[in-house]
Number of protein chains: 2
Amino acid sequence: MSVLAIGLMSGTSVDGIDAVLVEISGSEGDLQVSVKESAGTAYTPEERKELLRISTEATSDLQSISSMNFHLGKKFGEAVNELLEKSGHTAGDIHFVSSHGHTIFHQPYKGDGPLDETNTLQIGDISVISDATNIAVVGDFRTADMAAGGHGAPLTSYIDYLLFSNSDRSRAVQNIGGIGNVTYVPKNGRRDQILSFDTGPGNMVIDEVVYRVSGQTETYDKDGRYAREGRIDDGLLAFMNEHEYLQVEPPKTTGREVFGSHFVDGIFEKFGHLDAKDLVATVSEWTALTITDSYKKFLIGKDNEIDEVIIGGGGSYNPYLLERIAHHLPGITVGVHEDHGFSSDLKEAMGFALLGYQCLKGEYNQLPSATGADHSVIMGKVSFTQPDSFARMLAVRGE
Amino acid sequence: MSVLAIGLMSGTSVDGIDAVLVEISGSEGDLQVSVKESAGTAYTPEERKELLRISTEATSDLQSISSMNFHLGKKFGEAVNELLEKSGHTAGDIHFVSSHGHTIFHQPYKGDGPLDETNTLQIGDISVISDATNIAVVGDFRTADMAAGGHGAPLTSYIDYLLFSNSDRSRAVQNIGGIGNVTYVPKNGRRDQILSFDTGPGNMVIDEVVYRVSGQTETYDKDGRYAREGRIDDGLLAFMNEHEYLQVEPPKTTGREVFGSHFVDGIFEKFGHLDAKDLVATVSEWTALTITDSYKKFLIGKDNEIDEVIIGGGGSYNPYLLERIAHHLPGITVGVHEDHGFSSDLKEAMGFALLGYQCLKGEYNQLPSATGADHSVIMGKVSFTQPDSFARMLAVRGE
């Protein structure tokens, strides 16, 4: 049987709520999911300001945290109800809602105090959502992973596995956000065969170079236009290829502290005399190479064959970057999430719907190898405030 | 079938955790529960200090709230594991744990801000408890009632109904804490026939008078000794009987602001010349009368017959008070919780086990008439971090 579920995501950018209605069937390793409808709900300026305020240690307070937990629950409930109206469905059609909540605190390491624990705090009470929608709600996933000794993140690797596991094709699911990250999903793969690591910079270096050469008027290389008209400079390419991160064996993670402004300062110091377009072409080529070389070195080179690369994130809208990645991976299909029926913008909200689906079936929905947990857990809490929403939720188990 | 469950309570006195192992069968209106084992776990001075600090708006902070949510989850988990060891059971015998959590904020009214909502915040993460025990955990009950427009309290009336509903006997379940409160459970009664109100003072006036006449050396009338040697003063009795609260029709609630120090000041002002024992005897007699007269006026007088009174709370250990209540209710059985197999000290922890039981069966576990909610809800969130704890939890439904 298939079930209808709604996934909700409120990201750290504090812009608003992504809601997606999906149809799901099957189980881990052979799961089918299709997007039926999606909608975004923006936070008001007041809501955004308050969320930022209570997420900051110096300005947060007990009463506001508790009150906002309820306010967001209602707001999430409204987002669900608006999506339902847009889709032509009613609550009675929906088996469950799955909500990430909004993170106001996340501390994956222990503090110094004797009572300190690793901890995370997502607000947007699931009972409030359930009461506002008359649908069972799963949410607050990260705490269980952290209880098991994990960092409560990333959850994306497992979501990529659920979304893209295939009996015929081994896939590299590549996100190109600020940083690049790959989840390797071998064909017919088991959960313990999934690999995931940060490949290096995503758009971070390209964006910063474009920002500087455009006199701070452009923030990214729209449609890859700069790069396409430039010429690759071998000296700069060799310089960047020497970066030590590229040699480190996975698992590994990186961030803005490694590939941010400071790194680009180094480029301009030695190669600032290059033509603007050549600079962008070269860092774009290099970004593509950090991805494809890491596949060759750490995946294909270790007998993890790749049939297909599926790219998402902002970088998937840079056709030049995609071309260069494909160029360096002859014989491998290179596509984007849209080729599989959905925008990667929706992946997080879809992903939480899938985590909720696994939870309600009583099946593990986390990868210890990705989060660092010392054992597998079923993440998520469940609330069902009415007997009929409870009955629909039970149907997820296929009873 | 019957199930084994563990109830956990951490009260506002911040002393520690009450844990009780109970066997439960049946359903609302005909529910059987028996206590198998119980244990208390005290908070360390550091834990108590920290809980008080983070429950106070001026001293609370975001990081400590989030960290303590995890610390208490682990502590609750230890309380469960210690109770299991004491009882000779293992996690595999237990169908679920049900935890009230520890309340660090409760605001049953809206603030002035545009984003303010009624709200409540209980900590002691249920996923952390589940991971620490390998048992499914229900908890965080009050939010659903508040989402439905209720005050998130009192939950006791419904618990009294579950515990004492009987096909043959109509019962008044009387708590005598600082304040007196009755839950009326008619024989064969439905949930919408339950009545509950504060009868007036519980031990509050007796304790304050004893404190003053003993030169601040005694805090309560141990075994009713003062009262038993005193003589009831008709003038004082008539004076107190004029208190307007006693005339107000239920539903009604009262508190320390009505029957605290200020009220006792009034007694001493006019009757301070009386003998110490006479004073205690008279306020004890009056306290008994506030209870029995309220039954006669608001229950029996309105065709709500009473076969049996079941008294709990600190006042149930004052034999003089019990005698006087029985004296004024001829033909009605007057007993204590212990007559029904458990101390009223365990009632809260037992009660939350029962609320969890109802939740897992997908049945309402709240009384809108008691909390002010505008509709019935199933309170509680559920977490089950392992497939085997999930399976045992499902068995509660009698599958």
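Residues numbered from 1 in each chain as written. Chains lettered and ligands numbered in written order. Predicted model: local features only at pLDDT ≥ 70, side-chain atom pairs only at ≥ 80, totals over all residues. Heavy atoms only, no water.

Side note on helix α1 (residues 45-54) of chain A
The set of residues buried in α1(A) consists of A:Glu47, A:Glu50, A:Leu51 and A:Ile54. Projected down its long axis, α1(A) carries its buried residues within an arc of 100°, all on one side. Away from the buried face of α1(A) by more than 90 degrees, exposed residues A:Pro45 and A:Lys49 are located. In this fold, the buried residues of α1(A) make contact with β3 (30-42), α2 (62-87), β5 (102-107) and β6 (119-123) of chain A together with α2 (62-87) of chain B. (Buried < 20%, exposed > 50% of the residue type's maximum accessible area, 1.4 Å probe, protein only. Helix = DSSP H or I, 4+ residues; strand = E, 2+ residues; numbered from the N terminus. Arc of directions from axis to C-beta. Contact = heavy atoms within 4.5 Å.)

What about the pairing of strand β10 (residues 195-201) of chain B?
Residue and element names in this part refer to chain B. Taken across its 7 residues, β10 has 5 buried, putting it largely inside the fold. Sheet analysis places strand β9 (residues 179-185) next to β10, joined by 6 bridges and oriented antiparallel. Bridge assignment links glycine 180 to a residue of β10, and that residue is glycine 200. (Pairing = 2+ DSSP bridges.)

A word on the nonpolar core
Ranked by internal contacts, the top residues of the largest apolar core, which has 93 residues, are A:Ile24, A:Phe96, A:Phe384, B:Ile24, B:Phe96 and B:Phe384. Those residues in contact with B:Phe384, other than ones at most four positions away along the chain, are A:Cys359, A:Ile378, A:Val382, B:Ser130, B:Ala136, B:Ser389, B:Phe390 and B:Met393. One finds A:Leu8, A:Ala19, A:Val80 and B:Ile135 within the second-largest nonpolar core, a separate group that totals 62 residues. (Core = buried A, V, L, I, M, F, W, Y, C linked by side-chain atoms within 4.5 Å.)

What to know about unusual backbone geometry
Residue and element names in this part refer to chain B. Each neighbour pair has its own omega, and for alanine 153 with proline 154 the value is -10°, a cis peptide bond. Topologically, proline 154 is positioned in the loop between α4 (142-147) and α5 (156-164). In this structure, proline 251 follows proline 250 across a cis peptide bond, with omega equal to 0°. Structurally, the position occupied by proline 251 is in the loop between α8 (234-241) and α9 (256-259).

Topic: the sheet that holds strand β12 (residues 333-336) of chain B
All names here are of chain B. Ordered by their spatial adjacency, 5 strands build an open sheet running β10-β9-β8-β11-β12, and the pairing between neighbours is mixed. The sheet terminates laterally at β10 and β12, the two strands that pair on one side only. The average angle at which neighbouring strand axes cross in this sheet is 20°, direction not considered. Sheet analysis places strand β11 (residues 308-312) next to β12, joined by 4 bridges and oriented parallel. Residue valine 309 lies in a different strand from β12, and its bridge partner there is valine 334. Set on the sheet, helix α12 (residues 319-327) makes contact with β8 (171-176), β11 and β12; between it and β12 the angle comes to about 155°. (Axes fitted to C-alpha atoms, helices over the stretch in contact; angles between N-to-C directions.)

Looking at the environment of A:Asp265
Residue and element names in this part refer to chain A. Summarising the element assignment, aspartate 265 is placed in helix α10 (residues 261-271). The exposure class of aspartate 265 is partly exposed, given its relative accessible area of 34%. Distance from aspartate 265 to glutamate 208, taken between C-alpha atoms, is 9.8 Å for residues 57 residues apart in sequence.

As for the relation of the copies chain A and chain B
By a simple turn and slide, chain A fits onto chain B: the slide is 0.0 Å along the axis, the RMSD is 0.1 Å, and the turn is 180°. The symmetry that links the two subunits is that of a two-fold axis. Using C-alpha coordinates, one finds that chain A approaches the rotation axis most closely at A:Val382, a distance of 2.5 Å. In this assembly, 100% of the residues forming the interface of chain A have copies in chain B that are likewise at the interface, indicating an isologous arrangement. (Least-squares fit on C-alpha atoms with pLDDT ≥ 70 in both.)

Quick look at empty space enclosed by the protein
For the structure on display, the rule yields 4 cavities of 30 Å³ or more. Taken as a whole, the largest cavity encloses approximately 450 Å³ of empty space. Along the wall of the largest cavity there are 32 residues; nearest its centre are A:Gln122, A:Asp140, B:Gln122, B:Asp125 and B:Asp140. Residue assignment for the lining of the largest cavity shows that the elements contributing at least two residues are α2 and β6 of chain A together with α2 and β6 (119-123) of chain B. Surrounding the second largest cavity, 14 residues form its lining, A:Met393, A:Leu394, B:Phe390, B:Met393 and B:Leu394 being those nearest its centre. (1 Å grid on protein atoms, 1.4 Å probe; cavity = no way out; pocket = protein on both sides within 12 Å on 5 of 7 lines; lining within 4 Å. Points joined across faces, edges and corners; volume = space filled by probe spheres on them.)

Topic: the confidence of the model for chain A
A residue-level look at chain A finds 100% of positions with pLDDT of 70 or above and a mean pLDDT of 96. Our summary of model confidence lists the complex with pTM equal to 0.92 and ipTM equal to 0.91. (pLDDT = per-residue confidence, 0-100.)

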